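# A closer look at the structure
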Amino acid sequence: MDTELKQQFDEIGVEPTDAVLDKCMELAISYGCMDATEFVEQWMAFSLSHLHGDEPTPENLGEFERKVLQLKKEKVGFKTSTQKTKTYAPAPVADTSSLSTYGLIEDDPMMDDYVSESVTDSSMMHTPKSKKDPSSRTSALKGGVLFSPASYTPQSAKRTPAAGTGTPSTTTVAGKPGDTVDTFGHPKLLAGTEWQAKLEHSLSVSQKLLHQEAPLTLANLSYMNDLLCDKCDDLEDRLEATGRALVEKKLSAEEVAEISWYPQDGQTLQALHKLYAVGMIHSEDDGPLDAYSSFMAVTDGEECSYLELNFTRIKSASIFPGQVVLAKGFIPKGTTFVVEEIHTERKLTPPSPLRVDRELQFVVAAGPYTHSTDMFYDPLQDLLKYLKDHRPDVLVLVGPFVDASHKLVAEMAETFDSFFEKMIAGIMEVVGAHTTVLMVSSQKDAMSHAIYPTPPPILRRTYPNLHLLPDPSIVDLDGITMGVTSTDVVDHLLSHEFAVNSGERMHRAINHLFNQGSFYPMYPPADEDMAYDSQLALKYAQLRQLPNILLLPGDQRHFIRLVSDCLVINPGRLADNKGGTFARFLVTPTAPTATGKAASLFNSVACQVQRI
């Protein structure tokens, strides 16, 4: 039984010491609880209700003995004595729910609908056992790690498949698992790869998105203290810096001196059809933009003025709330600015050349990792099966991992932190020690701080090849610069922008990020629930230089785009009603070109998006 106890503790992410195992064996023998699964489940329920999820120690087990095991023994003795005297109370103490024994709930007849076994069916109280075939649990463990959390309501974990299907999906999925749904790269490069790491080696990981030489962590996190005046100052600084870059891209120094500028020259006759203004786009109702609700905030360094935008003469435009633009037009009267041209491009700092000396394989997946109808994490299990067979050099997992908006999260009978630790332990057990794992936090995670930018959580157990990253992040992986964010900025931009003859949607949204120099250039945020901190964003959400690879997971359809020599990938969601997807890509060394310029990523990077 010693081995069985250790195995059961391992399943819930606990590594018991020898002293703890000895104490557990002593208690199990003394109180006749020889089922290791039942014993550990009783301990887990007690720990969650009395010890805030602490791990077992000899002292804690002593308290467990007094408050659970002895109490059960006394109640069983009471039941035996009442049966001998043939005296039956209307609601005997011994008929109480097992959950109430651990102090989780009060006795309630309604719990009969949730607990399948009653103490009247046996001689002593015990944790209700699942009706599932025990062999199914064993086979599941052999294939991977069970991620389903402990729950107060067993029925909440039942699968609710759609009518006529055997999966939790609510929509018919086109295609089958393993289908390639998007591709990028040279055909020879794609055909020649086996999608498996060729050598087992560790990668150096260094964070590049720093403030005062340090990345965003819980140790240096400070939020909920930016004043309204500070926010205004931040917006003005951003308007000035980005506006200057837009002017330098479009106009020469001579032109800047000769043309008319608003508000200085706003009313002069010479400004007709030649008036320029640098400003920030806003919506009248803080919602999506249209041709009639847009205005531009313009500052001269001392005070701010607002111009209503008229687009009747515009030929091409793409604007969104919070965007800094260079506009050309005229003011016929009042504060109405008739826009003739809008310039949004600035000179970009290109990515650094790839500096890899061997082929590197990547796998990228984005949450959620379980279906909206259950907490079984089946898509994550399927991904781990793929990883077990293919073994990439780098695994990138983007949150949310424990989505706070999931309808079953409130029914978890363990802390969000402990469940997240258990999930990580299962992932690291499968991927092994030779795959570098990057996990990107999300403000939608139940165990994370609900703030953007979002620091990574702190783990009690560390792994040498695991790196927890803030949202957003830029990292250097042995000569490959990779940017990533868990915030669905592409969907936010496309849902709130006003666009006229402005090209392909995804290219447009990506260029917005590059030209505004920010991982989240919108203001105010498109998501009302998004806690955007302007001070933190100024420090930890800037995109001053383009990375080689940029990961932008979101609800928009998966895509792979090459924009300004940066490969941008949306791997899709791993758990999706229309069929979950993930991305895999490889980077190979390339020979220098005859001109000395960096080789095209088309010849050195191959990427695919696959169905899970």
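Owing to the predicted nature of the structure, the values given are computational and were not obtained by experimental measurement. (Residues numbered from 1 in each chain as written. Predicted model: local features only at pLDDT ≥ 70, side-chain atom pairs only at ≥ 80, totals over all residues. Heavy atoms only, no water.)

A separate point is the environment of Trp-43. Residue position: Trp-43 is located in helix α3 (residues 36–50). Each C-alpha atom, one on Trp-43 and one on Leu-69, is 10.0 Å from the other, the two residues being 26 residues apart in sequence. In this structure Trp-43 touches Phe-9, Leu-51, Asp-54, Glu-55, Pro-56, Asn-60, Leu-61 and Phe-64, once residues within four positions along its chain are discounted. (Helix = DSSP H or I, 4+ residues; strand = E, 2+ residues; numbered from the N terminus. Contact = heavy atoms within 4.5 Å.)

In this section: the packing of aromatic side chains. A full pass over the atoms with the stated rule returns 17 aromatic pairs. Ring centres 5.7 Å apart and planes at 85° place the aromatic pair Trp-43 and Phe-64 in the edge-to-face group. Taken as a pair, Trp-43 in helix α3 and Phe-64 in helix α4 (residues 58–84) lie far apart in primary sequence, 21 residues in all. Classification of Trp-43 as buried rests on a relative accessible area of 2%. Exposure remark for Phe-64: the relative accessible area of 0% places this residue in the buried category. (Phe/Tyr/Trp six-rings, centres within 6.5 Å; stacked < 30°, edge-to-face > 60°. Buried < 20%, exposed > 50% of the residue type's maximum accessible area, 1.4 Å probe, protein only.)

It is worth spelling out the sheet that holds strand β1 (residues 180–184) at this point. If you walk across this open sheet you meet the seven strands as β1-β21-β20-β10-β11-β12-β13, and the pairing is mixed. If you trace the sheet from one side to the other, it starts and ends with β1 and β13 (466–469), each paired once. Between one strand axis and the next, the sheet turns by 15° as a mean value, whatever way the strands run. Alignment of strand β10 (residues 360–366) against strand β20 (residues 581–587), held across five bridges, turns out to be antiparallel. Across the sheet, Phe-362 pairs through a bridge with Phe-585, a residue of β20. Together, β11 (394–398), β12 (436–440) and β13 form the strand contacts of helix α11 (residues 416–431), whose direction differs from that of β12 by roughly 155°. (Pairing = 2+ DSSP bridges. Axes fitted to C-alpha atoms, helices over the stretch in contact; angles between N-to-C directions.)

In this section: the side chain of Asn-60. With respect to the helices and strands, the residue Asn-60 is situated in helix α4. Separated by 3.2 Å, the side chain of Asn-60 and the backbone oxygen of Glu-55 make a polar contact. Among all residues touching Asn-60, those that are not within four sequence positions of it are Trp-43, Phe-46, Leu-51, Asp-54 and Glu-55. (Polar contact = N/O pair within 3.5 Å; in protein donor to acceptor, adjacent residues only side chain to side chain.)

So, about the nonpolar core. With 41 residues, the main nonpolar core has Val-402, Ile-427 and Met-439 as its most contacted residues. For this core, the elements supplying multiple residues, two or more each, are α7 (187–192), β10, α10 (378–390), β11, α11, β12, β13 and β20. Those residues in contact with Met-439, other than ones at most four positions away along the chain, are Leu-397, Phe-401, Phe-420, Ile-424, Ile-427, Leu-466, His-467, Leu-468 and Leu-469. (Core = buried A, V, L, I, M, F, W, Y, C linked by side-chain atoms within 4.5 Å.)

Taken together, six strands build an open sheet; the order of strands is β2-β14-β15-β17-β19-β18 and the sheet is mixed. Strands with a single pairing partner mark the edges of an open sheet, and in this sheet they are β2 (205–207) and β18 (559–563). The sheet shows a mean angle of 25° between the axes of neighbouring strands, direction not considered. Here strand β17 (residues 549–551) pairs with strand β19 (residues 566–570) via three bridges, running parallel. Bridge assignment links Ile-549 to a residue of β19, and that residue is Leu-567. Sheet strands touched by helix α13 (residues 505–516): β17, β18 and β19. Its angle to β18, the strand with the most contacts, is close to 55°.

Right, let's get into the pattern of salt bridges. Where side chains of opposite charge bring their charged atoms close, a pairing between them can arise. Counted according to the given criterion, the structure contains 14 salt bridges. The partner of Lys-67 in a salt bridge is Glu-63, and the shortest N-O contact between them spans 2.9 Å. With Lys-67 and Glu-63 both in helix α4, this residue pair falls four residues apart, about one helical turn. When its relative accessible area of 40% is taken as the criterion, Lys-67 is described as partly exposed. (Salt bridge = Lys/Arg side-chain N within 4 Å of Asp/Glu carboxyl O.)

To continue, consider the confidence of the model for the chain. Residue-level pLDDT values for the chain average 83, and 82% of them are 70 or greater. Ignoring residues within four places in sequence, the model shows residues 84–124, a span with pLDDT below 50, making 62 contacts including any to other chains. Note on residues 161–171: pLDDT under 50 across the span, and 14 contacts to partners over four residues away in sequence or across chains. (pLDDT = per-residue confidence, 0-100.)

For the pair α10 and α11, interaxial distance at closest approach is 9 Å and the crossing angle is 25°. If you check the angle between α10 and α11, you find them roughly parallel. Contacts between α10 and α11 involve Leu-380, Leu-384, Leu-387 and Lys-388 on the former and, on the latter, Met-423, Ile-427, Val-430 and Val-431. Grouping the amino acids of the contact of α10 with α11 by side-chain chemistry returns seven nonpolar, no polar and one charged. (Parallel < 35°, antiparallel > 145°, perpendicular 65-115°, else oblique. Nonpolar A, V, L, I, M, F, W, Y, C, P; charged D, E, K, R; others polar.)

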